[in-house]
Amino acid sequence: MKLAEIRSSLQRPLVHRDPTMAPTITTAMANSQEHLTLNHKLRKPLVEKLRRERINSSIEQLKSLLGPEVLKQQPDSKLEKADVLERTVCFLTQLMQQNQQQRRRLNQLEHLDASFDDNQKEAEISQNSTVQTSKHEDPELKVWRPW
C-alpha cells in the first residue's frame, strides 16, 4: 500500500467490503456526525437572524411603550438600543417607586379609616348607653339642685 492510500483509508470510515453485510456502526456514526455538523452549520445563521429580529422587535416595542415624554429627552439624536433599554429600566424603576408610595398611602388611609370606624362605633355605644341610662332613671329621683 502506498502512503497516500493509507492516509485516505484512515480518513474514510470503516466499511465492510462484503456487499451482503450491513454497514458497520462506525460508518453510521460518521454519516450521522457529518449530517449533524452540516445541519448545524446551515441552521445556525438562520437561528441567529431570528434571534436578532426578536431582540430588535422587542426594543421597538419598548420604545413605543416608553411614550413621547421619555423619548423627548434627546429629540434630535437617534436612540441606540442601549439608550432604549436604559430608559426603560429608569422608567420601570420610577413606576415601582410610585407604586410603593401609593401602597404606603393606601395602607395609611386604610388604617385611618379603620380607626375612624372604631371611634365611630365607640361613640355610638357611648351614646346608646347614655340613652339607655336616661330611659331607666326614675323621674322622682331626679331632684333639681342649684349647687
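Rules and cut-offs
Residues numbered from 1 in each chain as written. Predicted model: local features only at pLDDT ≥ 70, side-chain atom pairs only at ≥ 80, totals over all residues. Heavy atoms only, no water. Helix = DSSP H or I, 4+ residues; strand = E, 2+ residues; numbered from the N terminus. Patch = residues over 30% accessible without salt bridge, like charges linked within 9 Å, V, L, I, M, F, W, Y side chains within 5 Å. Areas by Shrake-Rupley, 256 points an atom, 1.4 Å probe, with all protein chains shown as cover. Salt bridge = Lys/Arg side-chain N within 4 Å of Asp/Glu carboxyl O. Lys, Arg positive; Asp, Glu negative; His and termini not counted. Charge placed at Lys NZ, Arg CZ, Asp CG, Glu CD. Buried < 20%, exposed > 50% of the residue type's maximum accessible area, 1.4 Å probe, protein only. Contact = heavy atoms within 4.5 Å.

Asks: Explain the overall build of the chain to me, using residue names and the numbers behind them.
Replies: From N to C terminus, the chain includes 3 helices and 0 strands. Helices and strands in the chain line up, N terminus first, as α-α-α.

Asks: Before we move on, can you summarise a negative patch on the surface with the specific residues and values?
Replies: Taken together, the side chains of Glu 110, Asp 113, Asp 117, Asp 118 and Glu 122 make up a negatively charged region of the molecular surface. Its location among the elements puts Asp 117 in helix α3 (residues 81-136). You can call Asp 117 partly exposed: its relative accessible area is 31%.

Asks: Report on the pattern of salt bridges, specifying residues and quantitative values.
Replies: All chains considered together, the criterion is met by 3 salt bridges. Measuring nitrogen to oxygen at the nearest pair gives 3.8 Å for the salt bridge that ties Arg 52 to Glu 48. One end of the pair is Arg 52 and the other is Glu 48, both in helix α2 (residues 25-71) and 4 residues apart, which spans about a single turn. The exposure class assigned to Arg 52 is partly exposed, which follows from its relative accessible area of 42%. Via salt bridges that share partners, Glu 48, Arg 51 and Arg 52 belong to a single interconnected network.

Asks: Can you explain the side chain of Thr 88? Please cite residues and give values.
Replies: In this structure, Thr 88 sits in helix α3. Residue classification places Thr 88 among the buried residues on the basis of a relative accessible area of 9%. Apart from the residues lying within four places of it in its own chain, the contact partners of Thr 88 are Leu 62 and Leu 66.

Asks: So what's going on with the environment of Val 84? Which residues, and what values?
Replies: Structurally, the position occupied by Val 84 is in helix α3. Here the alpha-carbon distance between Val 84 and Ser 64, two residues 20 residues apart in the chain, equals 9.9 Å. Once you skip the residues sitting within four places of it in the chain, Val 84 turns out to touch Ile 59, Leu 62, Lys 63, Leu 66 and Leu 79.

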